[in-house]
Amino acid sequence: MEISLHPQNIPTVSKVIQRWFTSPHVQRVQIREGRIRGSLFLPPGEGPFPGVIDIYGRIGGLMVSKSSLLASRGFASLALAYYAYEDLPSQMEDMDLEYFEEAAQWLCNHPKVFGDGIGIVSLCKGAELALAMASYLPQVAATICINGTNAINEFALRYRDAIIPGIPYRPERMLTTDRGVVLSGILDDPNKPEHQNSIIPVERARGPILFLVGENDQTCNSLFFAKEAIARAHNNGKQDVYLRSYPGAGHILEPPGFPYCSVSKALFISLPASWGGDLVSHCQAQESIWKEILEFLHKNIPCSRRNKL
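Thresholds applied
Residue positions are given per chain, counting from 1 as you read along its sequence in written order. Local features are withheld for residues below a pLDDT of 70 in this predicted model, meaning they are given only at 70 or higher, and side-chain atom pairs are given and counted only at 80 or more; totals for whole chains, interfaces and linings count all residues. Excluding hydrogens and water, the side-chain values take into account all heavy atoms of the structure. At least two bridges found by DSSP between two strands is the condition for calling them paired. Numbered from the N terminus, helices here are DSSP runs of H or I no shorter than four residues, and strands are runs of E no shorter than two. Inter-axis angles, ranging from 0 to 180 degrees, are taken between N-to-C directions of lines fitted to C-alpha atoms, where helices are fitted over the stretch in contact. When a residue's accessible area, from a 1.4 Å probe over protein chains only, is under 20% of the maximum for its type it is buried; when over 50% it is exposed; and in between it is partly exposed. We call a crossover right-handed when, viewed with the strands running away from us, the connection from the first strand over the helix to the second turns clockwise. Working definition: roughly parallel below 35 degrees, roughly antiparallel above 145 degrees, roughly perpendicular at 65 to 115 degrees, and oblique for all remaining angles. Working rule for contacts: check all heavy atoms of both residues, and any pair within 4.5 Å makes them a contact. Amino acids are sorted into nonpolar (Ala, Val, Leu, Ile, Met, Phe, Trp, Tyr, Cys and Pro), charged (Asp, Glu, Lys and Arg) and polar (every other residue, Gly among them). Only protein atoms enter the 1 Å grid, on which a cavity is a set of points fitting a 1.4 Å probe that cannot get out and a pocket is an open set with protein on both sides within 12 Å along at least 5 of 7 lines, lining residues being those with an atom within 4 Å of a point. Grid points are joined across faces, edges and corners, and a volume is the space filled by probe spheres set on the points. A pair of aromatic rings is counted whenever rings of Phe, Tyr or Trp (Trp by its six-membered ring) have centres within 6.5 Å, and the orientation is called stacked for planes under 30 degrees apart, edge-to-face for over 60 and tilted otherwise.

The 8 strands are arranged 1-2-4-3-6-7-12-13 in an open sheet whose pairing can be described as mixed. If you trace the sheet from one side to the other, it starts and ends with strand 1 (27-33) and strand 13 (241-246), each paired once. Ignoring which end each strand starts from, the neighbouring axes of this sheet average 20 degrees apart. Relative to strand 12 (residues 209-214), strand 7 (residues 140-146) runs parallel, the two being bridged by 4 bridges.

Here's what the structure looks like:
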């Protein structure tokens, strides 16, 4: 369809802006190795490169934008799906940490990846899983959790012979506003005596952990959960756990230039979900967080060439 503009409405100046998610010669490889499903993005060159796993949130499927950008900045990045993708379970259910262990070990063993440990970048439910990976898997050397929790919620997490129970959601505490449903109330307090076995033992993590938090997150009280995790780590002698929080930022914190999304459809409720944040503060936070991510990963992923020569 063609649209004709009145001469008075023709703009004086126009410009087309294109966003490129990969630099030239970044390679994308679809991964179907054992149970692992996802996409690996490799920077140009022989490598080896520092390895990163990117785990998205409760939306399911495969999200690759962050991994493609990380590969453009020198990281071998695996965008890892864990449900609602290909032959993986179509619905969220009890999770098996051995699936994520298999992915971490596979990435460590890749000939173009430094094998001394990998980093994780994660958001929302993915941050909960990443924190568990950091606490139980020796392959994880550095972890970034964006707007997550400090405990296993909703579904149980299994690892070998152990089962970490999920804290049940409290859907009756959802708050409906004129902009959608505020979900933060459905997450119960992990400090209750009956939930102690669901708290993730962050003090066991091999490497540093960075919590990135939007203070106006309306999906979960991510600032509270981050502070709880840090207090537990410090009380148990682990000091390399850090917090960066951003006033006015909401839940869905993406790399710079991504559209601001304050309300959208959520998979597990019938009404739109309110993610929080105001436009300017949220976008400014995305600029700052991306720099924090790159700096933290470059600093903390070990890059020895041992076993690569």
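So much for the structure itself; the text now carries on.
For strand 7, the buried fraction is high: 7 of the 7 residues fall into the buried class. Crossover handedness for the path strand 6 (residues 118-123) to helix 3 (residues 125-136) to strand 7: right-handed.

Our next topic: the packing of helix 2 (residues 97-109) against helix 3. At a minimum axis distance of 10 Å, the contact between helix 2 and helix 3 shows a crossing angle of 70 degrees. When the interaxial angle is binned, helix 2 and helix 3 end up roughly perpendicular. On helix 3, the residues touching Leu97, Phe100 and Ala104 of helix 2 are Leu129, Ala132, Met133 and Tyr136. Class assignment of the residues belonging to the contact of helix 2 with helix 3 gives a composition of 7 nonpolar, no polar and no charged.

On to the layout of surface pockets. Regions of empty space are outlined by a rolling probe, equal in size to a water molecule, passed over the atoms. Its volume calculated, the largest pocket comes out at about 570 Å³. Contributing to the lining of the largest pocket are 31 residues, with Arg58, Ile59, Cys124, His251 and Trp275 lying nearest its centre. Those elements that provide at least two residues to the lining of the largest pocket are helix 3 and strand 14 (263-265). Taken together, the residues of the lining of the largest pocket break down into 19 nonpolar, 7 polar and 5 charged.

What follows deals with the packing of aromatic side chains. Aromatic ring pairs are defined here through the distance separating the ring centres and the angle between the ring planes. If you walk through the whole model with that rule in mind, you get 5 aromatic pairs. When the ring of tyrosine 82 is compared with that of phenylalanine 100, the centres are 6.0 Å apart and the planes differ by 55 degrees; the resulting orientation is tilted. Of the two residues, tyrosine 82 is situated in the loop between strand 4 (76-80) and strand 5 (95-96) and phenylalanine 100 in helix 2; the sequence distance between them amounts to 18 residues. Neither tyrosine 82 nor phenylalanine 100 differs from the other in exposure class; each is buried. Here tyrosine 136 and tyrosine 159 contribute two aromatic rings whose centre-to-centre distance is 6.0 Å and whose plane-to-plane angle is 55 degrees, an arrangement assigned as tilted. Residue tyrosine 136 is found in helix 3, and its partner tyrosine 159 is found in strand 8 (residues 157-159); the two are separated by 23 residues along the sequence. Through a chain of ring-to-ring contacts, the aromatic side chains of Tyr82, Tyr83, Tyr99 and Phe100 assemble into a single cluster.

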